[in-house]
Amino acid sequence: TIAGSDCSGGAGIQADLKTFSAHGAFGMSVVVSVVAENTSRVISIQDITPDIIKDQIDAIFEDIPVHGVKTGMLSGIETMKAVAEKLREYSPSNLVVDPVMIAKGGCALMQPDALETLKSEIIPLSYLITPNIPEAVTITGMTISSVDDMRKAAAVIHRMGAKNVLIKGGHSAGDAEDILFDGEKYHSFITRRIDTKNTHGTGCTFSSAITANLANEMDIKSAVKAAKDYVTMAIEHALPIGKGHGPTNHFYKLYKESGMI
């Protein structure tokens, strides 16, 4: 995972590593930003210098085989360029791009002037990109108010170079319907909406689950379906901790099967 850290443990690098572990994958991380946040707010952000970002990527790829990569929070132009340079150098398979733009509490995690760099440097490298509806609106400049609009936006993002596009419908009304476009066909994934405020880190968790499934040699449709089932379970049993949006329960299934709950 190449992303920002979340000191409260519910999103970012911490959520990614928990999700990888829950899927039997060995997680490694490149921290691009240190984010002082909790379930209620983002207090401050410190970006890591591009040289240290690139050194972290080198440290992993020169030593350990990598079967899947996800990017999360990439705050600015220099961060994106550093990450893109190394991704082009190592050409990892199964690159999942989660274009994180805003924290659950509303704080911007991607600088507005970095949007064009995201589109030119990061999206063309992706095997899959996983924007939610507000992120897809920002990327495409379109209005998205229906499933048909989601399909049209997915096609636009596909033309930007992403091999597969998954637009998440969590911000729409009714059931949570996600649309996957593989360049030829559209695939719909629907689950019932869970009435809870405890959804901190759901996007990070979903994209990490997909990445782990791809690394475990699932095809794209199966990887998305299994990841959606996983994140739905994690939301359904989310942890009511903190004063704001509590985190999902990454290990609920493992705890239940082991008899711990």
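Thresholds, definitions, all that
- Residues numbered from 1 in each chain as written.
- Predicted model: local features only at pLDDT ≥ 70, side-chain atom pairs only at ≥ 80, totals over all residues.
- Heavy atoms only, no water.
- Helix = DSSP H or I, 4+ residues; strand = E, 2+ residues; numbered from the N terminus.
- Rg over C-alpha atoms; globule rule 2.2 N^0.38 Å.
- Contact = heavy atoms within 4.5 Å.
- Areas by Shrake-Rupley, 256 points an atom, 1.4 Å probe, with all protein chains shown as cover.
- Lys, Arg positive; Asp, Glu negative; His and termini not counted.
- Charge placed at Lys NZ, Arg CZ, Asp CG, Glu CD.
- Phe/Tyr/Trp six-rings, centres within 6.5 Å; stacked < 30°, edge-to-face > 60°.
- Buried < 20%, exposed > 50% of the residue type's maximum accessible area, 1.4 Å probe, protein only.
- Axes fitted to C-alpha atoms, helices over the stretch in contact; angles between N-to-C directions.
- Parallel < 35°, antiparallel > 145°, perpendicular 65-115°, else oblique.
- Left-handed = near helix turned anticlockwise from the far one by under 90°.
- Nonpolar A, V, L, I, M, F, W, Y, C, P; charged D, E, K, R; others polar.
- Expected span 1.5 Å × (residues − 1).
- Salt bridge = Lys/Arg side-chain N within 4 Å of Asp/Glu carboxyl O.

Colleague: Looking at this structure, how should I read the overall build of the protein?
Modeller: Within the protein, the regular secondary structure consists of nine helices and nine strands. Taking 2.2 N^0.38 as the reference for a compact globule, 261 residues should give roughly 18 Å; the C-alpha atoms of the protein span a radius of gyration of 17 Å, in line with that estimate. By its C-alpha atoms, the protein is 45 × 40 × 35 Å across when sized along the principal axes. The contacts in the protein between residues at least 6 apart in sequence include a share of 64% that link residues at least 24 apart. Carbon and sulfur atoms provide 53% of the accessible area of the protein, an area that totals close to 11600 Å². A gap of 6 Å separates the mean positions of the 24 positive and 30 negative side-chain charges of the protein.

Colleague: Help me understand the packing of aromatic side chains, please; the structure alone is not making it clear to me.
Modeller: The geometry of an aromatic ring pair is captured by two quantities: the separation of the ring centres and the angle between the planes. Taken as a whole and assessed by the stated rule, the structure comprises three aromatic pairs. Both rings, one in Phe181 and one in Tyr186, keep their centres 4.4 Å apart while their planes meet at 20°; by these two values the pair is stacked. By relative accessible area, which is 7% here, Phe181 ends up buried. A centroid spacing of 6.0 Å and a plane angle of 50° characterise the contact between Phe251 and Tyr255, whose relative ring orientation is tilted. Note on Tyr255: relative accessible area 33%, which makes it partly exposed.

Colleague: Teacher, can you tell me more about the environment of Ile144 here?
Modeller: Relative to the elements of secondary structure, Ile144 occurs in the loop between helix H5 (133-140) and helix H6 (147-159). A relative accessible area of 13% places Ile144 in the buried class. Between the alpha carbons of Ile144 and Glu184 there is a distance of 21 Å; along the sequence they are 40 residues apart. Aside from chain neighbours lying at most four places away, what touches Ile144 is Ile133, Ala136, Val137, Asp149, Met150 and Ala153.

Colleague: Explain the side chain of Thr71 to me, please; I cannot follow it from the model alone.
Modeller: Relative to the helices and strands, Thr71 is located in strand S4 (residues 69-71). Here Thr71 is in contact with Ile2, Val83, Leu87, Leu95, Val96, Val97 and Asp98, once residues within four sequence places are set aside.

Colleague: Help me out: how do you make sense of the packing of helix H2 (residues 50-61) against helix H3 (residues 77-90) in this one?
Modeller: Running from amino to carboxyl end, H2 crosses H3 at an angle of 25°, the nearest separation of the two axes being 9 Å. As the angle between them shows, H2 and H3 are arranged roughly parallel. In the crossing of H2 with H3, the sense of the turn from one axis to the other is right-handed. Residues Pro50, Ile53, Lys54, Ile57, Asp58 and Phe61 of H2 touch H3, and the partners they reach there are Glu78, Thr79, Ala82, Val83, Glu85, Lys86, Glu89 and Tyr90. Taken together, the residues that form the contact of H2 with H3 break down as seven nonpolar, one polar and six charged.

Colleague: Would you mind going over helix H8 (residues 220-236) with me for this structure?
Modeller: For an α-helix, the turn length of 3.6 residues means that residues three or four places apart are oriented alike. Across its 17 residues, H8 extends 24 Å between first and last C-alpha, which sits within 8% of the 24 Å expected from 1.5 Å per residue. Within H8, burial applies to Ile220, Ala223, Val224, Ala227, Lys228, Tyr230, Val231, Thr232, Met233, Ala234 and Ile235.

Colleague: What should I look at first to understand the environment of Ile123 in this one?
Modeller: Positionally, Ile123 belongs in the loop between helix H4 (115-122) and strand S6 (128-129). As for Ile123 and Met80, which are separated by 43 residues in sequence, their C-alpha atoms are 11 Å apart. Each residue touching Ile123, except ones within four places of it in the same chain, is listed here: Leu118, Ile129, Ile139, Ile157, Met160, Gly161 and Ala162.

Colleague: Even after reading the chapter, I still don't get the pattern of salt bridges, so can you show me in this structure?
Modeller: Here the idea is simple: oppositely charged side chains can pair when their charged atoms come close. A complete count under the given rule lists 11 salt bridges for this structure. The salt bridge involving Asp178 is made with Lys228; its shortest N-O contact spans 2.8 Å. Residue Asp178 is found in strand S8 (residues 176-181), and its partner Lys228 is found in helix H8; the two are separated by 50 residues along the sequence. Owing to a relative accessible area of 3%, Asp178 belongs among the buried residues under this scheme. Given the relative accessible area of 6%, Lys228 is considered buried. The salt bridge partner of Arg192 is Glu236, with a shortest N-O separation of 2.8 Å. Pair noted here: Arg192 is in the loop between strand S9 (186-191) and helix H7 (202-215) and Glu236 is in helix H8, with a separation of 44 residues, a long-range link. For Arg192, a relative accessible area of 49% gives the class partly exposed. Residue class for Glu236 comes out partly exposed when judged on its relative accessible area of 43%. Bridged by salt links that share partners, the residues Asp58, Lys86 and Glu89 form one connected network.

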